[in-house]
Amino acid sequence: MEQQVDGINEERLTQEFIRLAEIASPSFRERGIADYLKHRLAGFGLEVTEDDTGDRIGGDTGNIYTCLPGDKNSPALFLCAHMDTVNMADGVKVVFKDGVFRSEGSTILGGDDKAAIAAIIEVLEVLRRQPAQHGDLEIIFTVGEEQGLLGSKHFDCSRLKSEFGYVLDSDGDPGTMITAAPAQNQLDVIIRGRAAHAGIEPERGINAIQVAGQALARLPLGRIDAETTSNIGVIQGGKATNIIPDSCFIQGEVRSLDRAKMDSLTSKIGSEFTRAAEAAGAGSEVRVTFKYPEFHLDRDLPVFRIAAGAAGKLGLKVSYETSGGGSDANNINAAGRTAANLGIGMKQVHTTEEFLRLSDLVADARWLWEIITSL
Ligand SMILES: [Zn+2]
């Protein structure tokens, strides 16, 4: 193995990642991984706090925060990763073969976002063994990210000493930096028709599923323009073939880098349902929930210059991208701290085909190390 001056240890990092990935932590059930991480951080002599976000969002765990004190003359920096995963997370068994981590096939791997957590822990391990000059290093492990960035939404950013930092949660390769990400609205729609026996007196019924279908057929969905997307992802309704369904529930989302575009598309979609319901003599309820705000950052900001310099030093390909997805960076930027989301090499996330290359995991840790020690 090539001698690495930064002390990042591949074997230790591999073991840490596997340990983290095999602790089930779907959103709202992050207790196991949070307890493990609190114990791990306390082992570095760090004081760890957990906030009350779990109670606020109906989960069993809050956001975890700690700070590794550093040199007061160097700028403070935060690192943020999320502890929760999507579902299909129970009983993860990591298979490590030919330098690639995968699940055994029936679950996700959870590299989203445990690759980031493992890299952060590895950097703390190295700092303990070979102290280097750095500023205060704040670490935030959030909950509920996969449910609309709930953890970071409730995290009190005013307690941060750092003016800027990094969220490690993009599927780009190490070296990738996200400079903009969209806002999101969620739409919940209920169509209320009228139930009737489908064979005996169908004339009395109003088919809520059919009304929903008429609206759905007219909706602008998919990629609307370069900065706007929309989707209907859930539809539920009906009880049996012999009953005309009296209600249909539809759930969807609209995202855009442009808030005005997002809002106008959201209301257009909502009004298609209202219009279809009125035409059929049905009722409708449209509820819009603003999930999180967009961000646009200038690539000349120090947060990017520092990460680009560190990536260049390691020979990583530096690229600046606009994301189609939200991350904790959306909420942290909205709270007035500058957060760049970094690519960490996780692939095909949220599927049972998810994988992560050890070489990318090592690059993540080395990139962090360079960022932290270059300040
Ligand atoms: Zn993620």
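Residues numbered from 1 in each chain as written. Predicted model: local features only at pLDDT ≥ 70, side-chain atom pairs only at ≥ 80, totals over all residues.

### A few points about the overall build of the protein chain
Move 1: Secondary structure assignment for the protein chain yields 10 helices and 17 strands.
Move 2: Taken against the 2.2 N^0.38 rule, which gives 21 Å for 375 residues, the C-alpha radius of gyration of the protein chain at 23 Å falls within 12% of a compact globule.
Move 3: Along the first, second and third principal axes, the C-alpha atoms of the protein chain reach 80 × 40 × 35 Å.
Move 4: Across the 375 residues of the protein chain, 47% fall into the buried class.
Move 5: Here the analysis covers contacts within the protein chain between residues at least 6 apart in sequence; of these, 77% occur between residues at least 24 apart. (Helix = DSSP H or I, 4+ residues; strand = E, 2+ residues; numbered from the N terminus. Rg over C-alpha atoms; globule rule 2.2 N^0.38 Å. Buried ≥ 20, exposed ≤ 12 C-beta atoms within 10 Å, placed from the backbone. Contact = placed C-beta atoms within 7 Å.)

### Here we look at the domain arrangement of the protein chain
The figure often quoted for interface size is the accessible area lost as the parts come together.
Move 1: Partitioning the protein chain into domains gives domain 1 (10-181 + 294-374) and domain 2 (183-291).
Move 2: One C-alpha centre belongs to domain 1, the other to domain 2; they are set 36 Å apart.
Move 3: Each partner contributes to the interface: domain 1 provides seven residues, whereas domain 2 provides seven residues.
Move 4: For the side of domain 1 that touches domain 2, the per-class residue count stands at one nonpolar, five polar and one charged. (Domains from an automatic or database assignment. Nonpolar A, V, L, I, M, F, W, Y, C, P; charged D, E, K, R; others polar.)

### A short note on the packing of helix α1 (residues 10-21) against helix α4 (residues 111-129)
Move 1: Look at α1 against α4: their axes get within 9 Å of each other, and the N-to-C directions meet at 135 degrees. Comparing the axis directions of α1 and α4 gives the class oblique. Where α1 crosses over α4, the two elements pack in a sense that is right-handed. When α1 is examined against α4, the residues Arg 12, Leu 13, Glu 16, Phe 17, Leu 20 and Ala 21 are found in contact with a partner set consisting of Lys 114, Ala 115, Ile 117, Ala 118, Ile 121, Glu 122 and Glu 125.
Move 2: Classifying every residue of the contact of α1 with α4 by side-chain character gives eight nonpolar, no polar and five charged. (Axes fitted to C-alpha atoms, helices over the stretch in contact; angles between N-to-C directions. Parallel < 35°, antiparallel > 145°, perpendicular 65-115°, else oblique. Left-handed = near helix turned anticlockwise from the far one by under 90°.)

### Observations regarding the sheet that holds strand β4 (residues 94-97)
Move 1: Taken in spatial order, the three strands of this open sheet run β4-β5-β17, and their pairing is antiparallel. Sheet topology places β4 and β17 (355-357) at the edges, where each strand pairs with a single neighbour. Shown here is a sheet whose adjacent strand axes are inclined to one another by a mean of 20 degrees, direction ignored.
Move 2: Pairing geometry for β4 and strand β5 (residues 100-103), over four bridges, is antiparallel. Paired with Val 94 across the bridge in β5 is Ser 103.
Move 3: Packed onto the sheet, helix α10 (residues 358-374) meets β5 and β17 and runs at close to 65 degrees relative to β17. (Pairing = 2+ DSSP bridges.)

### As for helix α2 (residues 31-42)
Move 1: Look at α2: 16 Å from first C-alpha to last across 12 residues, which is about the 16 Å you get at 1.5 Å a residue.
Move 2: When we look at burial in α2, the residues that qualify are Ile 33, Ala 34, Leu 37 and Leu 41. Buried residues along α2 cover an arc of 100 degrees about the axis, so they all sit on one side. In α2, the exposed positions that point more than 90 degrees away from the buried face belong to His 39 and Ala 42.
Move 3: Packed against the buried residues of α2 are α1, β1 (48-50), β2 (64-68) and β6 (137-142). (Expected span 1.5 Å × (residues − 1). Arc of directions from axis to C-beta.)

### Thoughts on the packing of α1 against α10
Move 1: Interhelical geometry of α1 versus α10 gives an angle of 105 degrees and a closest axis separation of 10 Å. Here α1 lies roughly perpendicular to α10, going by the angle between them. Two secondary-structure elements touch here, α1 through Glu 10, Leu 13, Thr 14 and Phe 17 and α10 through Leu 358, Leu 361, Val 362 and Ala 365.

### A few points about α1
Move 1: For α1, spanning 12 residues, the distance from its first C-alpha to its last is 16 Å, which sits close to the expected 16 Å at 1.5 Å a residue.
Move 2: Buried residues of α1: Leu 13, Glu 16, Phe 17, Leu 20 and Ala 21, and no others. One face of α1 carries all of its buried residues, which in axial projection span an arc of 125 degrees.
Move 3: Here the buried face of α1 lies against α2, β4, β5, α4 and α10.

### Quick look at the nonpolar core
Move 1: Counting 78 residues, the largest nonpolar core has Ala 119, Ile 120, Ala 307, Ala 340 and Leu 368 as its most contacted members.
Move 2: Residues contacting Ala 119, with those up to four places away along its chain left out, are Leu 168, Leu 361, Asp 364, Ala 365 and Leu 368.
Move 3: Counting 22 residues, the second largest nonpolar core, distinct from the first, contains Leu 150, Ala 212, Val 254 and Ala 277. (Core = buried A, V, L, I, M, F, W, Y, C linked by C-beta atoms within 7 Å.)

### Concerning the environment of His 154
Move 1: Its place among the elements puts His 154 in helix α5 (residues 150-154).
Move 2: His 154 gets classed as buried once you count the C-beta atoms within 10 Å, which come to 20.
Move 3: C-alpha separation for the pair His 154 and Gly 62, spaced 92 residues apart in sequence, amounts to 9.3 Å.
Move 4: Here His 154 is in contact with Thr 53, Arg 56 and Ile 57, once residues within four sequence places are set aside.

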